[in-house]
Amino acid sequence: MSRRHLAILTATVLAAASLIACGAGDESGEGGKTLTYWASNQGASLEADKEILQPELDKFEQQTGIKVNVEVVPWSDLLNRLLAAATTGQGPDVVNIGNTWSASLQATGALVEFDDATLDKVGGKDRFVPAALAAAGAADKPPAAVPLYSLAYALYYNKRAFADAGITAPPTTWEEMAEVGRKLTGDGKWGLAVEGANPSENAHHAFTFGQQYGGDWFDSAGQPTFDTPQNVAAVKRFIDLMAVDKIVNPSNAEYAQNQSVSDFANGKAAMLLWQAAGANLKSQGMAPDGYGVAPVPFPANPPAGGKQVNSMVAGINMAVFKHTGNLDGALEFVRFMTSDAEQVTLNKTYGSLPAVGTVAADPAFAAEEQKVLAQTLATSAAPLPQVPEESTFETLVGTAIKELFADAASGRPVTEDSVREKLTRAQQQMR
Amino acid sequence: MATTTPLAGTASGPPPATAGRPAGRPARQPRRSLLPYLLLAPAIVLELAIHVIPMLVGAWMSLLELTQFHIRDWSGAPFVGLDNYRVVLDVNTAAGADLLRSFRVTVVYTVLSVGLSWVLGTTAAVLLQRPFRGRAVLRALFLTPYALPVYTAVITWTFLFQRDTGLVNHVLVDQLNLLDEPPFWLIGDNSFVALLVVSIWRTWPFAFLCVMAGLQNIPDEFYEAAAMDGAGFWRRLRSVTLPMLRPVNLVLLLVLFLWTFNDFNTPYVLFGGSAPAEADLISLHIYRSSFQTWDFGSGSAMSVALLLFLLVVTAGYLLLTNRRRNDA
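Definitions and cut-offs
Residues numbered from 1 in each chain as written. Chains lettered and ligands numbered in written order. Predicted model: local features only at pLDDT ≥ 70, side-chain atom pairs only at ≥ 80, totals over all residues. Heavy atoms only, no water. Helix = DSSP H or I, 4+ residues; strand = E, 2+ residues; numbered from the N terminus. Rg over C-alpha atoms; globule rule 2.2 N^0.38 Å. Buried < 20%, exposed > 50% of the residue type's maximum accessible area, 1.4 Å probe, protein only. Areas by Shrake-Rupley, 256 points an atom, 1.4 Å probe, with all protein chains shown as cover. Contact = heavy atoms within 4.5 Å. Buried area = accessible area lost by both parts, 1.4 Å probe. Salt bridge = Lys/Arg side-chain N within 4 Å of Asp/Glu carboxyl O. Polar contact = N/O pair within 3.5 Å; in protein donor to acceptor, adjacent residues only side chain to side chain. Nonpolar A, V, L, I, M, F, W, Y, C, P; charged D, E, K, R; others polar. Pairing = 2+ DSSP bridges. Axes fitted to C-alpha atoms, helices over the stretch in contact; angles between N-to-C directions. pLDDT = per-residue confidence, 0-100. Lys, Arg positive; Asp, Glu negative; His and termini not counted. 1 Å grid on protein atoms, 1.4 Å probe; cavity = no way out; pocket = protein on both sides within 12 Å on 5 of 7 lines; lining within 4 Å. Points joined across faces, edges and corners; volume = space filled by probe spheres on them. Patch = residues over 30% accessible without salt bridge, like charges linked within 9 Å, V, L, I, M, F, W, Y side chains within 5 Å. Phe/Tyr/Trp six-rings, centres within 6.5 Å; stacked < 30°, edge-to-face > 60°. Lys NZ or Arg CZ within 6 Å of the ring centre and 35° of its normal.

Asks: For this particular structure, what's the right way to read the overall build of chain A?
Replies: Scanning chain A from terminus to terminus reveals 18 helices and twelve strands. A compact globule built from 431 residues would reach a C-alpha radius of gyration of about 22 Å, and chain A, at 23 Å, matches this within 12%. Put simply, chain A has 431 residues, and 56% of those count as buried. As displayed, chain A offers around 16900 Å² of accessible surface, 52% of which is attributable to carbon and sulfur atoms.

Asks: Hey, could you run me through the side chain of Q292 of chain B in this one?
Replies: Here Q292 of chain B lies in helix α12 (residues 282-292). Q292 of chain B sits in the buried class, given a relative accessible area of 17%. Apart from the residues within four sequence positions on either side, Q292 of chain B is in contact with S391, T392 and T395 of chain A together with G273 and Y287 of chain B.

Asks: Would you explain the interface of chain B and chain A in this entry?
Replies: Each partner contributes residues to the interface: chain B has 36 residues there, and chain A has 41 residues. The contact between chain B and chain A buries some 3600 Å² in all, and 55% of this surface belongs to carbon and sulfur atoms. Taken together, the connections running from chain B to chain A amount to three salt bridges. Taking the shortest distance from any N to any O, the salt bridge between D189 of chain B and R412 of chain A comes out at 3.0 Å. Where chain B touches chain A, the interface holds 13 residue pairs in polar contact (both at pLDDT 80 or more). Among the elements of the structure, α2 (28-61), α3 (83-89), α4 (94-127), α12 and α13 (296-327) of chain B are those that each provide at least two residues to the side of chain B that touches chain A. Examining the composition of the side of chain B that touches chain A, we find that six residues originate from one element, α2 of chain B, more than from any other. Among the residues forming the side of chain B that touches chain A, the class breakdown is 20 nonpolar, seven polar and nine charged.

Asks: Could you clarify how one ought to interpret the sheet that holds strand β1 (residues 34-40) of chain A in this entry?
Replies: Hydrogen bonds between backbone groups are what pair the strands of a sheet, and the pairing can be parallel or antiparallel. All names here are of chain A. Spatial ordering of the open sheet is given by β2-β1-β3-β10-β4-β11, a layout of six strands whose pairing is mixed. The sheet is open, and its two borders are formed by β2 (67-73) and β11 (353-354), each paired with just one other strand. Here seven bridges tie β1 to β2, and the two strands are oriented parallel to one another. Bridge pairing links L35 to V68 in β2. The strands touched by helix α14 (residues 327-337) are β1, β2, β3 (94-98), β4 (146-151) and β10 (314-320); relative to β10, the strand with the most contacts, the crossing angle is about 155°. Packed onto the sheet, helix α15 (residues 340-350) meets β4 and β11 and runs at close to 35° relative to β4.

Asks: Before we go on, may I ask you to explain the confidence of the model for chain B in this structure?
Replies: Low pLDDT means the predicted coordinates in that region are not meant to be read closely. All names here are of chain B. When pLDDT is averaged across chain B, the result is 87; 89% of the residues are at 70 or more. Counted against residues more than four places away or in other chains, residues 1-21, with its pLDDT under 50, gives eleven contacts. For this predicted complex, the interface confidence reaches an ipTM of 0.79, while the overall pTM sits at 0.83.

Asks: I'm lost on the side chain of E369 of chain A in this one. Help?
Replies: Residue and element names in this part refer to chain A. Structurally, E369 can be placed in helix α16 (residues 368-379). With no salt bridge to any partner, buried E369 finds its closest opposite charge in K282, at an N-O distance of 9.9 Å. Those residues in contact with E369 that sit more than four places away from it in its chain are Y156, A276, A277, G278, Y291 and V293.

Asks: Would you take a moment to explain the pairing of β10 of chain A for this structure?
Replies: Two faces, one strand: in a regular strand the side chains alternate between the faces of the sheet. Residue and element names in this part refer to chain A. In terms of burial, β10 is largely enclosed, as seven of its seven residues are buried. Residues A314, I316, M318 and V320 point to one face of β10 and G315, N317 and A319 to the other, with burial holding for every one of them. Looking at chain direction, β3 and β10 are connected through five bridges and run antiparallel. The partner of V95 across the bridge, within β10, is A319. In the sheet, β4 pairs with β10 via five bridges, with the strands oriented antiparallel. Bridging across to β10, P147 finds its partner in N317.

Asks: I tried to follow empty space enclosed by the protein on my own but got confused; where do I start?
Replies: Once rolled over the atoms, a probe with the size of a water molecule shows which space is left empty. All names here are of chain A. Tallied over the full model, the rule gives one cavity of 30 Å³ or more. When its volume is computed, the largest cavity comes out at roughly 40 Å³. Taken together, A193, V194, E195, E201, H205, S260, L272, L273 and W274 make up the lining of the largest cavity. Going through the elements one at a time, α10 (199-212) and β7 (269-275) are the ones with two or more residues in the lining of the largest cavity.

Asks: How do you make sense of the pattern of salt bridges when you look at a structure like this?
Replies: Close approach of charged atoms allows side chains with opposite charge to pair. Counted by the stated rule, this structure contains 22 salt bridges over all chains. Two residues, E278 of chain B and R412 of chain A, come together in a salt bridge whose shortest N-O distance is 4.0 Å. With E278 of chain B in the loop between α11 (265-271) and α12 and R412 of chain A in the loop between α17 (390-409) and α18 (416-428), this residue pair bridges two chains. The exposure class assigned to E278 of chain B is partly exposed, which follows from its relative accessible area of 24%. For R412 of chain A, a relative accessible area of 30% puts it in the partly exposed group. One salt bridge connects R163 of chain B with E181 of chain B, and the closest N-O pair in it is separated by 3.8 Å. Placement of R163 of chain B in the loop between α6 (150-160) and α7 (167-175) and of E181 of chain B in the loop between α7 and α8 (190-216) is noted, with a sequence separation of 18 residues between them. A single salt-bridge network, built from bridges that share partners, covers R425 of chain A together with D98, R101, D280 and R288 of chain B.

Asks: How do you make sense of a nonpolar patch on the surface when you look at a structure like this?
Replies: Residues and elements named next belong to chain B. Residues L40, I44, L48, V52, I53 and L56 make up a contiguous nonpolar surface patch of about 520 Å² in total accessible area. By the secondary structure assignment, L40 is in helix α2. We classify L40 as partly exposed; its relative accessible area is 45%.

Asks: Explain the packing of aromatic side chains to me, please; I cannot follow it from the model alone.
Replies: Each aromatic ring pair is summarised here by two numbers: the centre-to-centre distance and the angle between the ring planes. A full pass over the atoms with the stated rule returns 34 aromatic pairs over all chains. Ring geometry for W217 of chain A and F393 of chain A: centres 5.4 Å apart, planes at 45°, overall tilted. Taken together, the residues span a long stretch of sequence, with W217 of chain A in the loop between α10 and α11 (229-243) and F393 of chain A in helix α17 at a distance of 176 residues. Geometry around W38 of chain A places R81 of chain A over its ring, the cationic atom sitting 4.5 Å from the centre. Just above the ring of Y223 of chain B sits the side chain of R130 of chain B; from NZ or CZ to the centre is 5.6 Å.

Structure (structure tokens):
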């Protein structure tokens, strides 16, 4: 073989090798002194999150010598990115996951399970708020993650709009919500803003409304029960806020990028159902004294079996991939992020609640918003069903509700039959 | 260039590989014949790695019950044979009915998008065929949508199509007073129209570019002869331009068909992961089945079925157009 041929062959082999190397993903290099961390987007932007997290990561490096490379991943990409990492065994060492995905991701077998011994390495089981830890994996298995930030839904209301309309207290029932909403609707302003085209948001409300109407989305065997009369009534109640009560701007049917929070912050809507909206509202120029926070309303006459549930147990968990080359370092990082000091710093910044009980009394969480969220989590929140199909439930039921909102916005009638038909169709797609 | 060495085997000189070789050294012949294969090797390796092997893996996945339980070690997923195909192709199941609806939407979308893009592109290219002041500027302007990054362009359209704050409704309702109420564009029936508009906006500049290139190859003599015979604009278009553009159009329409039928970027950026039923293109539908409902087996089955459909259509198209060419 001539030199030229040899050169061509060598170049080919090198090119192929470099391509293969490109696909190899991140490694925990430098003798186990580096970790890769995918953080979920909690703040006003990805960049803001990085600025919030970086000083804490630097602190961790100073304490342990372990450098953490953080990438903030938007919610729209996070599940796919996690799935790709789970499938390939390549990717970050530590990740944030939405707590509702815990059982789904646990079923992939890619996450480190936090049995008692592993929990001891991050401070012990008793540190964590029990309800938050319960939303970190399937009921019959050790958690697949530990809670990091705790959240709950609440009713945010514009104090000035309420005062101007002569309303003295936030509504406590859906009937009152409709009545108050009608007083606040008019002149281009609306009583309530919803995120109608966001499947996850819709699914969260479907769960809470479902609980209030005595419905469950899965039976005890983990089989879907989407189209029960209770769930149909619950979803119809939610859609009726736009379709019948007319207190929601039909345009909300195309909201999927937190426009409802902007509408509330800008005074276009007087009420909002959201989880820990304070930090987001502040970034949009709405001062904390401009709004009040109250528990999510409830039916005035709940049907038989209706539960006094005002919110799902919402929150962000922290998980470790089994493929990490530095398990001890990853657990050390989890321990650091769930330490008392970091829990106060980060949750205070994000307006969320600590996932550990030891700092619950810190003054950082004494604001009205945090008190309502904490009270809700303590007394009237329930975890979404921790079944492997949970993420599929969010997609299918959330999308069905998105279509129902589109019908309502377009003036098409939303009836019990049309709701049932959508939910039945969603259930049939569960395999 | 004057200093360039003549290429071996060109008409300008004898092929040195054979004629220039001294007698008694035939062993060099097989070595030299290796060169083309060596040169092809990188392309073949990459083609295998990027297309053929993933395609075969996808076909294998379509025979597995591949859910989140098995995704990590997917090769160990239960083998279910053709069950995934039975489910997704049975129109009596929810999955099959949804796939059929999505397929219909995609067919109508493709026909309209490709057809209208071709008409627009051809019209613009023909009108810009003759030189006039400002032609270069117009050409550059027309090609802008093709040059813009897809995400940037389509996300801008989502802002334009917002019901309350979008420019489209502002023009239609507030400025032109064509409508009393601002309609929805990103949900409901109109979502298909919005999708089509964005698709055509993105696609027609490519048709324009190809047809413009094709027009350059039509000799002026043909038009001069037609003019001598008294042919007007329409007659010249029908009898000279379109027949001479046929080879370009055959390839152009096929490429546009394949691109548009598989279009993922436009609906994904315009509507997010879950498009309205009226605009649920098949590529997005497959994505949702695979990556949002964690059923990669069914997603792969749909992908393979789609691939077979496109292969059949493409083969039919090529056979038909070849036969016509041979008959001509």
